[in-house]
Amino acid sequence: MNRLVEKLFSFIQKTWLVFYPLAWKYIKLAWSVFTFINRKFFIPPKGMKWKYKILWRIGNLLILMLLFLFLVDVNFLWMFGKSPRIRYIFNPDQKLTSELYSADGVLVAKYYDENRTPLQYQDIPTSFFHALISTEDSRFYQHHGIDFKATLSVFYYMAKGEKRGGSTITQQLVKNLFKTRSNYSRGLLGYIPYSNVLIYKTKEWITALKIEWLYPKEKILTMYCNTIDFGSNSFGLKTACKTFFNKLPAELRPEETALLIGMLKAPTYYSPVLHPDNALQRRNVVLGQMLKNHSITQEAHDSLVQLPMKLDYQSESSTAEGSSYLRDAVSNYLRTWLKTNDRDLFEDGLKIYCTVDSRLQALAEEAVTTHMKRLQKRFYQQWEGQNPWSDRHGVEIPGYITNIAAGTVYYNNLKTKYKALPDSIDYYLSLPKKMKVFSWKGEMDTTLSFLDSIRYYNRFLHAGFFAMDQNTGFIKVWVGGINHKYFKFDHVKQSRRQPGSTFKAFVYAAALDQGYGPCDKFSDVPVTYTYQENGQTKSWSPRNADATFSGREVTLKYAFAKSINSIAVQLTKIMGFQKVKEYAALMGITTPIQDVPSICLGSSDVSLFELVNAYCPMVNGGYAIDPVLVTRIEDKDGRVIYENKEEKKRVLSEETAFYLQTLLQAGLTEPGGTTQALFEYDLFRFQSDFGGKTGTSSNHSDGWFIGVTPNLIGGAWVGGDNRSVHFKSSELGEGCKTALPIYGLFMEKVISDKRFKNLGGRFKKPEAKITREYTCHTLLPPSDTIPADSSLIINDSLRIE
């Protein structure tokens, strides 16, 4: 504390030494001006009669007042601070809400600093204007911005001990629109006590006169209605109507308009949500003013004051609750464009039209919630009595929770505050506090310490689901997690994890493009890959997910469907893992891929966003296409300022793309195919083609599924926030058990909905000539070669040993 005081005095001394000469010059100048004015304007010439002296002084006083107004308006010698210029009055810098609309025309999210959506004059009910004028400015149509009678009455009521305002609606508009009491500079005189009140009042008078000169009364009323702060994060009449009554302004009843007008005096004190009794009393005062001003009859007044206060409160802060991951995604998607075009998403009142369908989005969120509730229950059951953070051998990782805590802001703040007191740090980390936490049964009140909360939340599994039209690039669904309120991290694009066997698609893409065919055969035998890493010779001998090799010759079609590791490694060894990297990047993987052969089994991290996008060329004829999230943007005046331009690039031949599409479908038709869990869902009675690929990373940390139809490709990921949190076994932890059900539940609803019949159907036959055999089908192997554990028939796990 002493050190702070010393620094403060030191700063004052330095500042005074710098500014003292300038301040002294201003004082001398002000005194010279004062003496000049007194001599020229208030000391009349000698010999003038007394009645002329009075007139002379009054005239000079008026001249001085006009001179003062001019000096304030031009900010003479920086003494008064700046005032709004004419160009800003013509085009006021008002913060407007930007709105995000789905492909089906539904408002799904808003972006704002001040939640405001402007109205036109004809959209505002007459009863609102009557209530406003009766209460705030009864002589609105008689004055030109300043009501001198109301201004003088302020002093009368001050003498009586009553506090009343004399500002007109136009002056209030100036205060709301230009923030004259905060945003505009105070000037040198503004720091003198009480003078700042005179200065900002003068600015408001001057600007009010300008506004009255430039705009008709109807425009002033409209601008006022769009600038009012009603509290509850509601700026402007339209937002207030939505917030408090869940209706449009044109639907307001007289008692509702009176309630809103009553809130203007003090939005918090007269809030119908926080202080309903105060709000009701104030509403009746407004109705009384309307009666006094002849806006309503005595009979109407007596009836309205008896009505109870009815609200349909809709907090605008939760408008985008269900699509918050989408809201964040659009903000990130537009970041570069906004910066390049000098646009502000939170102030410019843009209308943004995105590709996501709100109906599909709702079905996807429902699918994620339904499956993750069930999966979380199984996860708890498997780890009952144990902590789920464990190594590959199932042994709990020591110090796991404290290591996570050490990386938090809270821990670092404690460490800074209690440097030499580790016991104090431990005390506050273990101190129980009341808090609300997420649970699948709903938000829950509990008491936990900081360390306990880390333990609690690290037991949850998370998910991401993403779908797009592979032919246009239009994104249709974006579900970044299980609950945006508690888990802001987006598992569609932010998260990068090992994709497991889903990455094998790029191995096969490279091989098929090099001349191999779906019916070419390879032997399922052990393989060793020798390679160079950092100048050292290394070898890698991976196993299949079931730790066995059949020794049989199998087709590439069967190997892909069964997700046999040894075949993918053999293909990579023939082509080189650099070729696999090349094709992955060509098809849409943007994350840098490791220079190791194990990438063929999905050892290098990618995002769900890029993985789904990279599968598009396999089912759209061979074209890489940039995912599109926004199709059009309009400015506040309705002018189109952005339109998406579709960009496609051929990266695979049509023939190769057709073979890959065949492999994706083979997961359902080949014996032991990893996609056959889709048969558990009601998908196939609608004559629609499906395909897909599952994937599971080491230790079952990540489960993946990419599913395809002729016009929609969807991807799901499931796992813990940390790789150390995972299922114990493949029985529950593989992608076909963790991720595929999200896609299955989603498509079950989609394919049965007539509104989305275009998303199903049959894959079209390619126009290109097909030169290689692809119709081969593997017969079931003899029973003595089938593993005793039938759960091993479906394998997609990444095993790197």
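Residues numbered from 1 in each chain as written. Predicted model: local features only at pLDDT ≥ 70, side-chain atom pairs only at ≥ 80, totals over all residues. Heavy atoms only, no water.

### Looking at the overall build of the chain
Note the threshold: Each helix corresponds to a stretch of at least 4 residues labelled H or I by DSSP, and each strand to a stretch of at least 2 residues labelled E; elements are numbered beginning at the N terminus. We call a residue buried when its accessible area falls under 20% of the maximum for its residue type, exposed when it is over 50%, and partly exposed in between, using a 1.4 Å probe and counting protein chains only. Whether two residues are in contact is decided by their heavy atoms: any pair within 4.5 Å suffices. Residue burial considers only the protein chains on display, and all accessible areas are found by Shrake-Rupley using a 1.4 Å probe.
Counting secondary structure elements, the chain contains 28 helices and 18 strands. Residues classed as buried in the chain amount to 49% of the 801 residues present. Pairs at least 24 residues apart make up 70% of the contacts formed inside the chain by residues separated by at least 6 positions. For the chain, the accessible area works out to roughly 40,200 Å², and carbon and sulfur atoms hold 55% of it.

### Considering the environment of Gln122
Here Gln122 is to be found in the loop between strand S2 (107–111) and helix H4 (126–136). For the pair Gln122 and Glu218, spaced 96 residues apart in sequence, the C-alpha separation works out to 9.7 Å.

### Section: the side chain of Asp524
Selection criterion: For the purpose of counting charges, residues Lys and Arg are taken to be positive, whereas Asp and Glu are taken to be negative. His and the chain ends are not included. Each salt bridge in this description consists of a side-chain nitrogen of Lys or Arg and a carboxyl oxygen of Asp or Glu lying within 4 Å of one another. For the purposes of these results, a polar contact is taken to be a pair of N or O atoms within 3.5 Å, where, inside protein, one atom must be able to donate a hydrogen and its partner to accept one; residues adjacent in sequence count only when each atom of the pair is a side-chain atom.
Locating Asp524 in the fold gives a position in the loop between strand S8 (521–523) and strand S9 (529–533). It is Arg552 that comes nearest to the buried, bridge-free Asp524 among opposite-charge side chains, at 6.5 Å. Separated by 3.0 Å, the side chains of Asp524 and Asn544 make a polar contact. Discounting residues that sit within four places of it in the chain, Asp524 has contacts with Asn544, Phe549, Ser550, Gly551, Arg552, Ile564, Ser566 and Ile567.

### What about the sheet that holds strand S17 (residues 702–709)?
Rule in force here: A pair of strands is labelled paired if DSSP reports no fewer than 2 bridges between them. Fitted lines through C-alpha atoms serve as axes, helices being fitted only where they are in contact, and the angles separating the N-to-C directions of these axes extend from 0 to 180 degrees.
An order of S7-S6-S18-S17-S16 is seen for the five strands of this open sheet, with the pairing classed as antiparallel. Looking along the sheet, the strands with just one partner apiece sit at the ends: strand S7 (475–479) and strand S16 (691–696). In this sheet, adjacent strand axes meet at a mean angle of 10° when their direction is disregarded. Bridging between strand S6 (residues 461–468) and strand S18 (residues 712–720) involves eight bridges; their strand directions are antiparallel. Looking at the pairing, Gly464 lines up with Trp717 of S18. Contacts from helix H25 (residues 654–669) reach S16 and S17, with the element oriented near 80° to S16. Against the sheet, helix H28 (residues 740–751) touches S6, S7, S16, S17 and S18, its axis set at about 35° to S17.

### With respect to helix H9 (residues 237–245)
Residues spaced three or four apart along an α-helix point in a common direction, a consequence of the helix completing one turn every 3.6 residues. Burial runs high along H9: seven of the nine residues are buried. Residues Leu237, Thr239, Ala240, Cys241, Thr243, Phe244 and Phe245 constitute the buried set of H9. Tucked inside the fold, the buried residues of H9 contact H4, helix H8 (217–227) and helix H10 (254–263). Directly after H9, the chain includes Asn246, whose backbone phi takes a positive value near 55°.

### Notes on the state of the cysteines
Note the threshold: Any cysteine sulfur atom paired with another within 2.5 Å is treated as part of a disulfide.
Inspection of the entire model under this criterion finds one disulfide. Between the sulfur of Cys519 and that of Cys776 lies a disulfide, 2.0 Å long from S to S. Judged by the torsion about the S-S bond (-100°), the Cys519/Cys776 disulfide is left-handed. Taken as a pair, Cys519 in the loop between helix H20 (504–513) and S8 and Cys776 in the segment after H28 lie far apart in primary sequence, 257 residues in all. For Cys776, a relative accessible area of 18% gives the class buried.

### So, the sheet that holds strand S3 (residues 351–354)
The strand order across the open sheet formed by five strands is S2-S1-S3-S13-S14, and the pairing between neighbours is mixed. Every interior strand has two partners, whereas the edge strands, S2 and strand S14 (640–643), have only one. This sheet shows a mean twist of 15° between the axes of neighbouring strands, independent of strand direction. Of the strands in this sheet, strand S1 (98–101), S2, S3, strand S13 (630–634) and S14 are in contact with helix H13 (residues 324–333), which crosses S2 at around 60°.

### Describing the packing of helix H24 (residues 608–619) against H25
To keep it simple, the criterion reads: Roughly parallel covers angles under 35 degrees, roughly antiparallel covers those over 145, roughly perpendicular covers 65 to 115, and oblique covers all other angles. Under the convention adopted here, Pro, Cys and the residues Ala, Val, Leu, Ile, Met, Phe, Trp and Tyr are nonpolar, Asp, Glu, Lys and Arg are charged, and Gly plus all remaining residues are polar.
It is the contact of H24 with H25, at a shortest axis distance of 7 Å, that shows an interaxial angle of 110°. One element, H24, and the other, H25, form an angle in the roughly perpendicular class. Where H24 abuts H25, its residues Tyr615, Pro617, Met618 and Val619 lie against Ala657, Leu660, Gln661 and Leu664. A breakdown of the residues in the contact of H24 with H25 according to their chemical character gives seven nonpolar, one polar and no charged.

### Digging into a nonpolar patch on the surface
Put simply, the test is: To count toward a patch, a residue needs a relative accessible area above 30% and no salt bridge. Like charges then connect within 9 Å, nonpolar side chains (Val, Leu, Ile, Met, Phe, Trp, Tyr) within 5 Å.
A cluster of nonpolar side chains, Ile54, Ile58, Leu61, Leu62 and Met65, forms an exposed patch at the surface whose accessible area comes to about 470 Å². With respect to the element layout, Ile58 can be found in helix H2 (residues 50–74).

### Looking at the side chain of Lys217
Among the structural elements, Lys217 can be located in helix H8. Judged by relative accessible area, Lys217 falls into the buried class, the value being 15%. Setting aside anything within four residues of it in sequence, one finds Lys217 in contact with Phe140, Tyr141, His143 and Glu212.

### Let's talk about the pattern of salt bridges
Under the counting rule described, the total for this entry stands at 26 salt bridges. Here Asp147 makes a salt bridge to Arg139, at a shortest N to O gap of 2.9 Å. Judged by relative accessible area, Arg139 falls into the partly exposed class, the value being 29%. Among the salt bridges present, the one from Arg772 reaches Glu655, with a minimum N-O distance of 3.8 Å. Linking Arg772 in the segment after H28 with Glu655 in helix H25, this pair joins segments that are 117 residues apart in sequence. In this structure, a network of salt bridges that share partners links the residues Asp104, Asp357 and Arg359.

### Things to note about H10
Of all ten residues in H10, nine are buried, a share of seventy percent or more. Inspection of H10 places Glu255, Glu256, Thr257, Ala258, Leu259, Leu260, Ile261, Gly262 and Met263 among the buried residues, and these make up the whole buried set. Of the surrounding elements, those touching the buried residues of H10 are H4, H9, helix H11 (276–292) and helix H12 (298–304).

### Thoughts on the pairing of S17
Buried residues dominate S17, accounting for eight of its eight residues. Of the two faces of S17, both are covered, the one formed by Asp702, Trp704, Ile706 and Val708 as well as the one formed by Gly703, Phe705, Gly707 and Thr709. In terms of strand pairing, S16 meets S17 through six bridges, oriented antiparallel. Paired with Thr694 across the two strands is Phe705, which belongs to S17. In this antiparallel pair of consecutive strands, S16 and S17, the connection spans five residues, and Asn699 shows a positive phi of 65°. Where S17 meets S18, eight bridges bridge the pair, whose relative direction is antiparallel. Bridge pairing in S18 places Gly703 opposite Val718. The loop that links S17 with its antiparallel partner S18 comprises two residues.

### Topic: the packing of aromatic side chains
Put simply, the rule is: Pairing of aromatic side chains requires ring centres within 6.5 Å, counting the rings of Phe and Tyr and the six-membered ring of Trp. Pairs whose planes differ by under 30 degrees are stacked, by over 60 edge-to-face, and all others tilted. By definition here, charges over rings are those cases where NZ of Lys or CZ of Arg is within 6 Å of the ring centre and within 35 degrees of the ring normal.
For the structure shown, the criterion picks out 36 aromatic pairs. A centroid spacing of 6.3 Å and a plane angle of 75° characterise the contact between Tyr529 and Tyr531, whose relative ring orientation is edge-to-face. Here the two residues Tyr529 and Tyr531 agree in accessibility, since each one is buried. Ring centres 5.0 Å apart and planes at 45° place the aromatic pair Phe679 and Phe684 in the tilted group. For Phe684, a relative accessible area of 29% translates into the label partly exposed. Members of the aromatic cluster, each reached through a chain of ring pairs, are Phe438, Trp440, Tyr456, Tyr457, Phe460, Tyr486 and Phe487. In this structure, Lys217 is placed above the aromatic ring of Phe140, and the distance from its NZ or CZ to the ring centre is 4.3 Å. A cation over a ring is seen here: Arg650 above Tyr623, with NZ or CZ 4.3 Å from the ring centre.

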